[in-house]
Amino acid sequence: MTDPVRATPDDSTLVRIRGLTTVLNGKTIFDALDLDIPRGKVTAIMGPSGTGKTTLLKHITGQMRADAGEIRVNGQNVADLSREQLYKLREGIGYLFQNSALLTDFDVFENVAFPLRQHTKLPEVLIRDLVLLKLQAVGLRGAARLMPNELSGGMARRVALARAIVFDPMLILYDEPFVGLDPVALNQVLKLIRTLNQTLGITSVLVAHELEAIKQVADHIFLIANGKVVAQGNPMTIANDGSPWTRQFFGGEADGPVPFQYPAGDLAQALGFTGAAK
Amino acid sequence: MSQQRSSYAVGTGLFIVLGFAALAYLATQTSSVANVHQGASYTVDAHFANIGQLKERAPVKVAGVRIGQVQSITLEPGQEVADVKLKIDNNYDKIPLDSVATIYTSGLLGDQYIGILYGTSKKTVADGGTLALTKPAQQLEEMIGKFFGAGGVADNLGGTYSVKADFTNVGALSVGAPVKMAGVPIGSVQAIVADPVKLDAKVTLAIDKRYNAIPDDSSAAVFTSGLIGTQYVAIQPGGSPDALKDGDEMVLTQSAMQLEDLIGKFLVNGSSSSSSPSSDKKDAGNGKSSDTPAPAGKH
Amino acid sequence: MNVRAPQSNNVVIQSLTQIGNCGLFLLTLLMAIPRSFRYIRETIRQLWFVGAMSLTIIMVCGLFIGMVLMLQLYNVLSIFGSTSASGMVVALAVYRELGPVVTALLFAGRAGTSITAEIGLMRATDQIDAMEMMAVDPIAYVATPRFLAGLLAMPLLCCVFCAMAIFGGHLVGVTWLGIDNGTFWSNMTAVVVVHTDIVNGVLFKSLVFGAVVSLIAVFQGFTTPPTSEGVAYATTRTVVASSIAILALDFVLTAFLM
């Protein structure tokens, strides 16, 4: 799906984010965020809950528009694209939703075949072969005729992954791929992410919290907090870069730059002591 | 999945076909004329001088039992005769040739149908045959005249005598309206003409000769049966020893009450003007006494 | 897509905002019609769910409406000795008012709620977002086919409803109460006019009602907060808003068509 002619001059960066600023409901999500996602690597984006990691993915796919800044995917400025161009771009991006988002009307086979049916006029035989190959890749060829409600969470996520890669995208965005998986399913998904990246050379972006899992698979980690990238590096080095953010995040401390308390007034005042004393 | 898809398509197709079938049914069976096939039948012609309100598909009955229906009603070209085709069930194929087909009305306001009165002939009407003897539809006006009056005016001409009465207002009184005494019809209105000199209405009443002892000081009033009913002439007998004779004129008359006057009378609770007190009482009884505010003294 | 009414405590302002957003949504739907032609299969599938699956309830209700109408009319008209007119009155009442209105109310309850709940759940489970990500326009793929299916299904359902009501009236009137069969039909055919009663009454009204009900259902599904609570509220709102819209529009349409 990737158009080689339109490749960026800087061939090593697939997604380039510059000065991204987003304000949602009066709250600043991103404050002049700069971020480069290298081509052909597995990049993990981490951060405290509510920092807008999912929002960042939606910016990359053009589902949300930024208030300021520029996002270039494969050299194209997402904000400048028309609907058709945006859809064309999205055909080259796979997106794995946190809750899989399989279409409940269709069985597993049709879910994986859905993008093919919508965007190609391939003969039925070819669609069948392609879908079965992708299902084989995620180990669920035998489950082709099950309905989504008959699948476990891990299976559903693998089906969603098969659907995301059915077009052989240049980029896969994983939104919390490890949430709610038992260790076996987690390892299966990890293995898939690695395999897809290594065998097909698909650039992968992971949004997740599970540090151990990320360490196994990621080439590069960004730590986002307060709308900025506060730390980055490979899994080995980032934990030791010495910033308070990494210390709290990777050291697992309850209090730190991310406060334990939600911003509030003085406790004594809230309980009425200050007023009563005077 | 493709099987699933085609089954959706088939089901949806069936649904669409069913919908359009229902539409076709509504449009053809319930709105325009369409013949419903109800077993084997044969057709008989009948010519009527007047079909009244007879409609296609109206029932054809013998002794009140339905044996078929009206298939079509057309006007005979060049003639003032309606050609009615009757579709009669094959079970009833022994209708005598001299049977009489009459257009009847079920009830006063009901629908019209064709009643067949069997004749005595040995021959029966065949498919495509004609019932020669018919009676046209009765017009409501004539029927009312018959009900309330003493029969048709022309029929009883020999048995009546004429009395004249002058009214300042006859309201909606029409020729043929009944003349009643004590609520019983004793004759009918023969003619209503405007008097060019006295500027009132001169009404000629044809009264049955049996009632030849009506006092000559009796009064005549135009009443309405009920609030919206037809109007008739009521005769209030007087006390004179002499009786009315043919050609006499009744002196005491009360004109038709207009509905507005009546209501006005009820509301002001008084008798503004009335030539005879008895008629006033009868009026109140005849009208809607229960609705009228009664005089305060009676309570 | 993410049309969300700004919160306001004023009921009037809120409902006006809803109506305004609904109108804008209609424009979006209509503009998506050319794009949704490629999803014609989806429209057919929705026609099955929205139309064919509502047939049972429509047919049963139509039958009973016709039966009870005939029973009542017979009782009243027998006072005037004109029971033979009851078939005609059943036909007129059903064609002009009851058919379109009752069908639309049933349709809102049966199909409208299921459309709203389905779309709401699709949003809650990210299926709509997933379609966006797979470069499938959810308006063209999800909203417009359902809207068109509702638009097409309503007149067909209404015809079936009317036919069943006439059948029910015939059943009670002719078979049970003994009104003459020929009189039943002849009186009916004498007064029912194809243009005013069937085209304007049955078809036009039900087409408008179908558009309104499916618009409201799709709109509520797309704008509700994607939570189970939001879906529940949206389903209720679909029924309430549709019912009010149907009855109000019925008055307006009748006034214009008469």
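Criteria and thresholds
- Residues numbered from 1 in each chain as written.
- Chains lettered and ligands numbered in written order.
- Predicted model: local features only at pLDDT ≥ 70, side-chain atom pairs only at ≥ 80, totals over all residues.
- Helix = DSSP H or I, 4+ residues; strand = E, 2+ residues; numbered from the N terminus.
- Contact = placed C-beta atoms within 7 Å.
- Nonpolar A, V, L, I, M, F, W, Y, C, P; charged D, E, K, R; others polar.
- Buried ≥ 20, exposed ≤ 12 C-beta atoms within 10 Å, placed from the backbone.
- Pairing = 2+ DSSP bridges.
- Axes fitted to C-alpha atoms, helices over the stretch in contact; angles between N-to-C directions.
- Left-handed = near helix turned anticlockwise from the far one by under 90°.
- Arc of directions from axis to C-beta.
- Parallel < 35°, antiparallel > 145°, perpendicular 65-115°, else oblique.
- pLDDT = per-residue confidence, 0-100.

1. Notes on the overall build of chain B
Here's step 1: Each helix and strand in chain B was counted, giving four helices and 16 strands.
Here's step 2: Taking contacts inside chain B between residues at least 6 apart in sequence as the whole, the part at least 24 apart equals 64%.

2. Digging into the overall build of chain A
Here's step 1: Within chain A one finds eleven helices and ten strands.
Here's step 2: Within chain A, counting contacts between residues at least 6 apart in sequence, those at least 24 apart form 64% of the total.

3. What about the interface of chain B and chain C?
Here's step 1: Taken together, the 30 residues of chain B in the interface contact 35 residues of chain C.
Here's step 2: Residue assignment for the side of chain B that touches chain C shows that the elements contributing at least two residues are α1 (2-29) and β3 (65-75) of chain B.
Here's step 3: In terms of residue count, the dominant contributor to the side of chain B that touches chain C is α1(B) (14 residues).
Here's step 4: Each residue belonging to the side of chain B that touches chain C can be placed in one class, and the counts come to 15 nonpolar, nine polar and six charged.

4. Notes on helix α3 (residues 40-50) of chain C
Here's step 1: Here α3(C) lies mainly inside the structure; nine of its eleven residues are buried.
Here's step 2: When we look at burial in α3(C), the residues that qualify are C:E42, C:T43, C:I44, C:R45, C:Q46, C:L47, C:W48, C:F49 and C:V50.

5. As for the pairing of strand β12 (residues 201-208) of chain B
Residues and elements named next belong to chain B.
Here's step 1: By the bridge criterion, eight bridges tie strand β9 (residues 160-167) to β12 in an arrangement that is antiparallel. Across the sheet, Y161 pairs through a bridge with I207, a residue of β12.
Here's step 2: Taken together, the seven bridges between strand β11 (residues 184-194) and β12 define a ladder with antiparallel strand orientation. Bridged to A191 within β12 is T204.
Here's step 3: Here β11 folds back onto β12 in antiparallel fashion, the turn holding six residues, of which L199 has a positive phi close to 55°.

6. Focus: the sheet that holds strand β10 (residues 178-181) of chain B
Through backbone hydrogen bonds, the strands of a sheet pair up, either in parallel or in antiparallel fashion.
Residue and element names in this part refer to chain B.
Here's step 1: One open sheet accounts for eight strands, arranged β15-β9-β12-β11-β10-β14-β13-β16; its pairing is mixed. Only two strands of the sheet have a single neighbouring strand rather than two, namely β15 (249-250) and β16 (252-254).
Here's step 2: Here β9 pairs with β15 via two bridges, running parallel. The residue bridging K164 from the neighbouring strand is E249, located in β15.

7. Some points on the sheet that holds strand β3 (residues 42-46) of chain A
Residue and element names in this part refer to chain A.
Here's step 1: With mixed pairing, the six strands of this open sheet are ordered in space as β6-β7-β8-β3-β9-β10. At either margin of the open sheet sits one strand with a lone partner, and together these are β6 (93-96) and β10 (228-233). Taking each pair of neighbouring strands and ignoring which way they run, the sheet shows an average axis angle of 20°.
Here's step 2: Sheet topology note: the strand β7 (residues 171-175)/strand β8 (residues 203-207) ladder contains five bridges and is parallel.

8. Examining unusual backbone geometry
Here's step 1: Positioned with a positive phi, A:E176 is a non-glycine residue whose angle comes to about 50°.
Here's step 2: Along the chain, A:E176 falls in the loop between β7 and α6 (183-200).
Here's step 3: Judged by the 18 C-beta atoms lying within 10 Å of it, A:E176 falls in the partly exposed class.
Here's step 4: Its identity is not glycine, yet C:A135 carries a phi of approximately 60°, on the positive side.
Here's step 5: Structurally, the position occupied by C:A135 is in the loop between α6 (127-133) and α7 (138-176).
Here's step 6: What makes C:A135 buried here is the crowd of 21 C-beta atoms within 10 Å.

9. Here's the deal with the packing of helix α5 (residues 86-124) of chain C against α7(C)
Residue and element names in this part refer to chain C.
Here's step 1: One way to put it is that α5 packs onto α7 with a least axis distance of 7 Å and a crossing angle of 145°. Here α5 and α7 pass one another in a crossing that is right-handed.
Here's step 2: The residue inventory of the contact of α5 with α7, partitioned by class, reads 20 nonpolar, seven polar and one charged.

10. Quick look at the environment of C:G173
Residue and element names in this part refer to chain C.
Here's step 1: Among the secondary structure elements, G173 is positioned in helix α7.
Here's step 2: When the 27 C-beta atoms within 10 Å are taken as the criterion, G173 is described as buried.
Here's step 3: Sequence separation of G173 and F184 is eleven residues, and the distance between their C-alpha atoms is 8.2 Å.
Here's step 4: Discounting chain neighbours no more than four positions away, the residues touching G173 are M70, Y74, S86, G87, I179 and F184.

11. Some thoughts on the pairing of strand β14 (residues 231-236) of chain B
Residues and elements named next belong to chain B.
Here's step 1: With three bridges joining them, β10 and β14 adopt parallel strand pairing. Paired with V179 across the bridge in β14 is V233.
Here's step 2: Judged from the six bridges that link them, strand β13 (residues 219-224) and β14 form a sheet pairing that is antiparallel. Within β14, the residue paired with A220 across the bridge is I235.

12. Things to note about helix α9 (residues 244-251) of chain A
Given 3.6 residues per helical turn, the α-helix brings residues three or four places apart onto the same face.
Residue and element names in this part refer to chain A.
Here's step 1: Among all positions of α9, only W245, T246 and F249 are buried. Taken end-on, α9 shows its buried residues confined to a sector of 90°, consistent with a single buried face.
Here's step 2: Contact partners of the buried residues in α9: β3, β9 (220-225), β10 and α8 (235-238).

13. As for the environment of A:M64
Residues and elements named next belong to chain A.
Here's step 1: Of note, M64 is situated in the loop between α1 (53-61) and β4 (68-73).
Here's step 2: Overall, M64 belongs to the partly exposed group, with 18 C-beta atoms counted inside 10 Å.
Here's step 3: For the pair M64 and T22, spaced 42 residues apart in the sequence, the C-alpha separation amounts to 9.5 Å.
Here's step 4: Apart from the residues within four sequence positions on either side, M64 is in contact with T55, K58 and H59.

14. Regarding the packing of helix α3 (residues 108-119) of chain A against helix α5 (residues 153-164) of chain A
Residue and element names in this part refer to chain A.
Here's step 1: At a minimum axis distance of 8 Å, the contact between α3 and α5 shows a crossing angle of 30°. Looking at the two axes, α3 sits roughly parallel to α5. Where α3 crosses over α5, the two elements pack in a sense that is right-handed. Facing α3, whose interface residues are V108, N111, V112, F114 and P115, α5 presents V159, A162 and R163.
Here's step 2: Residues that form the contact of α3 with α5 fall into these classes: six nonpolar, one polar and one charged.

15. Regarding the confidence of the model for chain B
Residue and element names in this part refer to chain B.
Here's step 1: Residue-level pLDDT values for chain B average 73, and 71% of them are 70 or greater.
Here's step 2: For residues 33-37, every residue scores under 50 in pLDDT, and the model assigns this stretch five contacts once sequence neighbours within four places are set aside.
Here's step 3: For residues 149-157, every residue scores under 50 in pLDDT, and the model assigns this stretch 19 contacts once sequence neighbours within four places are set aside.
Here's step 4: Model confidence for the complex: the whole-complex pTM is 0.66, and ipTM, which rates the interface, is 0.77.

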